[in-house]
Amino acid sequence: MAGIGLGCAFFSLLLSPKVAYHTGLTEKDLLDDFLTQQLFPFVNDKIKKVGPIDEFKPGKLHEKGVKHPVYLIPGFVTTGLELWEGKECADKYFRERLWGSTSTAQAFLSDRDCWATHLRLDAETGLDPENIRLRAAQGFGAADYFIGNYWVWSKIIENLALVGYGPNNMYMFGYDWRLSPRRLQERDNYFTLLKSIIENSVKQHGEKVVLISHSMGGNTMIWFMNWVEADRKIGGGGGGGVWVDKHIKSFVNVAGPLLGTSKALSAMLTGDTSDMSPFEPMLEQVFGRVKRMELFTSWGSIYNLVCKGGNKIWGNDPAITFTDYGGDGDGNGDDSTANAADATADAADATADAADATADAAEDNIFTKFSNSAHRTTDEMVNFLSEWGGGFGENITKDLGYSFNVEVVKKGFFSFEQPNDELWHNPLMTKLPAASDMTIHCLYGVGRETEESYFYKRNPVEKERVDVPFSVDTSVSDKKNGVTSGIKYGDGDSTVPLVSLGYMCRGGWLTPDFNPSGVKVVTREYKDFGNFKMLDPFREGPNSGHHVDIMGNVDLIQDILYVVTGEEDKLKDRILSNIDTIVGDIRKRL
């Protein structure tokens, strides 16, 4: 998930060209010419001229020595998506990127509805809409830069090249980040291809591989390691119980939201995150919350980012507070699980005489019951999202391959059920592979304000159906308790809360329940010292702990070089936050 924040920021970055409409450029063809012939070439040229030409590169000082083949696994939204088949309105973009390049901005500004139609998945199947095919770009160019000179993987790639890596021993394995892991395998055979190429690399080089993931790429690799050893009879890769130990030397998990992120909840329910807040009035005119919400909820991958573990992990504090709650419900939220489960049936009974309105009324009733309490906890949030399914019902999450098992967690501990692909996304419901020779490196930033919970208000009913039922109540602020403009913040990397970044690494995976074979786990935190640099004005410098900018953190890059060149024993735990206190509190709740 490089993440939801980066995706949201994309919409914000497109606001300034809206001025073009108000300066006489109202015709699509004229606007298109202006964008392609003047604006984008000018911006790209200027950005390249002020690129970070004097930066420190750890690879220059590191002794050359390629050892392990390296596989780079991008996160949420950072792999470019190319058009291979589409509607007539997108004919001119064949094999161009509708996501992840300046052509993205061109397509968005020229015809936003056309662009959104192609970016949306079929929400009921989690696959391509009819006659539309977007596919992941390939090679290093798939995710080295996002748009223009906005780098993501380029600095890591360059420093790996400085110690001797190249196309014969380093691979970018991009994927369509919109799909759930089950659909990614079903449609693209992604995990089958990854398994095959890793096996060939080990044979060719005589060394096990290093997987380096960023953001949601870490979640994707958790799914892969469960899938690859599982029996084909249950949809697995059939590699057997020692495949990981034979083929993977290290798994470097950079900024992985292993237990989800609060931003996913907000994006699904309101189409908003704090990244958008300053631009909301203008953004609503350009690409409104209804459209953003429809887009986000069509992407099956977003359920991979829903908070895992419920109250046992995230605590009993409210995930949502409804500021306009009037006391007409129970007020304590204790029966919200039952409310969510019964919502569809209640709605059907209430609309028995209006068959055509049943679906809309059922959804509105779910929203009404969900907000019929002053507070909702994480357990209640996850139950609601599982029942709601983005407006398509509870079967959607199961079809996409997700089971959150909140009730199992609430009973006292995490149940390792019979392995199946509905559980493979969740490290709380699966064990690490029997790979005693493998090391997991958890590398993430700390010391940045990160969204934890929200203050919502209910939107007024202006028609038969409320498309976006809630919005952040920006009038609520309480600096003393970390609340600003309706959002409560805590520690993290600006996108992923600390508990999601660090619990498995400092808690779960250090116990035999989750790690029976004793896989070594090293956790290294990077305190945020982000600062403005004139030569790279849109980024936060070489010491940033920001979720994306950490990919250019010189200390992190140096640590990665140690791992891939066979010197990972130099890396020891470095804890700079209160993650161990958080782990202790969770153990008390368990």
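The structure this text deals with has already been given above.
Structural notes, computed from the coordinates. Note that the structure is a prediction, hence the values are computed from the model and not measured. (Residues numbered from 1 in each chain as written. Predicted model: local features only at pLDDT ≥ 70, side-chain atom pairs only at ≥ 80, totals over all residues. Heavy atoms only, no water.)

### Let's talk about the state of the cysteines
So, point 1. Going through the model one piece at a time under the given rule, you end up with two disulfides.
So, point 2. Note that Cys89 is cross-linked by a disulfide to Cys114, the S-S spacing being 2.1 Å. Here the S-S torsion is close to 85°, and the disulfide linking Cys89 with Cys114 is therefore right-handed. Highlighted residues: Cys89 in the loop between strand E2 (81-85) and strand E3 (97-99) and Cys114 in helix H5 (residues 112-119), separated in sequence by 25 residues.
So, point 3. Overall, the relative accessible area of 8% leaves Cys114 in the buried class.
So, point 4. Paired through a disulfide, Cys442 and Cys505 show a sulfur-sulfur distance of 2.1 Å. Looking down the S-S bond of the Cys442 and Cys505 bridge, the torsion is -80°, so its handedness is left-handed. With Cys442 in strand E10 (residues 439-446) and Cys505 in helix H20 (residues 498-506), this residue pair connects regions lying 63 residues apart in the sequence.
So, point 5. For Cys505, a relative accessible area of 1% puts it in the buried group.
So, point 6. Counting only the cysteines that take part in disulfides, in the order they occur along the chain, gives the pairing 1-2, 3-4. (Disulfide = S-S within 2.5 Å. Helix = DSSP H or I, 4+ residues; strand = E, 2+ residues; numbered from the N terminus. Buried < 20%, exposed > 50% of the residue type's maximum accessible area, 1.4 Å probe, protein only.)

### Re the packing of aromatic side chains
So, point 1. For the structure on display, the rule yields 27 aromatic pairs.
So, point 2. Here Phe322 and Phe470 contribute two aromatic rings whose centre-to-centre distance is 5.3 Å and whose plane-to-plane angle is 55°, an arrangement assigned as tilted. Of this pair, Phe322 sits in strand E8 (residues 320-322) while Phe470 sits in strand E12 (residues 470-472), and the two are 148 residues apart along the sequence. In this structure, Phe322 and Phe470 share a single accessibility class: buried.
So, point 3. Measuring from centroid to centroid gives 6.2 Å for Tyr456 and Phe470, while their planes differ by 10°, and the two rings are stacked. Highlighted residues: Tyr456 in strand E11 (residues 448-458) and Phe470 in strand E12, separated in sequence by 14 residues. Each of the two residues, Tyr456 as well as Phe470, counts as buried.
So, point 4. Joined through ring pairs, the aromatic side chains of Phe76, Trp99, Phe108, Trp115, Phe146, Tyr150, Trp177, Phe296 and Trp299 make up one cluster. (Phe/Tyr/Trp six-rings, centres within 6.5 Å; stacked < 30°, edge-to-face > 60°.)

### Describing the environment of Gly309
So, point 1. Following the sequence through the fold, Gly309 ends up in the loop between helix H13 (289-298) and helix H14 (310-314).
So, point 2. Spatially, the C-alpha atoms of Gly309 and Ser500 are 10.0 Å apart, while their sequence positions differ by 191 residues.

### Quick notes on the pairing of E10
So, point 1. Burial analysis of E10 places eight of its eight residues in the buried class, the great majority of the element.
So, point 2. Judged by which residues are buried, E10 turns out to be covered on both faces: Thr439, His441, Leu443 and Gly445 on one side and Ile440, Cys442, Tyr444 and Val446 on the other are all buried.
So, point 3. Note that strand E7 (residues 248-254) and E10 share five bridges and pair parallel. Looking across to E10, one finds that Ser250 is bridged to Thr439.
So, point 4. Taken together, the eight bridges between E10 and strand E15 (residues 520-527) define a ladder with parallel strand orientation. For His441, the partnering residue across the bridge sits in E15 and is Val522. (Pairing = 2+ DSSP bridges.)

### Examining the sheet that holds strand E4 (residues 133-136)
So, point 1. Sheet architecture is open: three strands sit in the order E3-E2-E4, paired in antiparallel fashion. In this open sheet, the two strands that pair with only one neighbour each are E3 and E4. Each strand axis lies, on average, 45° off the axis of its neighbour in the sheet, ignoring direction. (Axes fitted to C-alpha atoms, helices over the stretch in contact; angles between N-to-C directions.)

The values are spatial; any link to function lies outside them.
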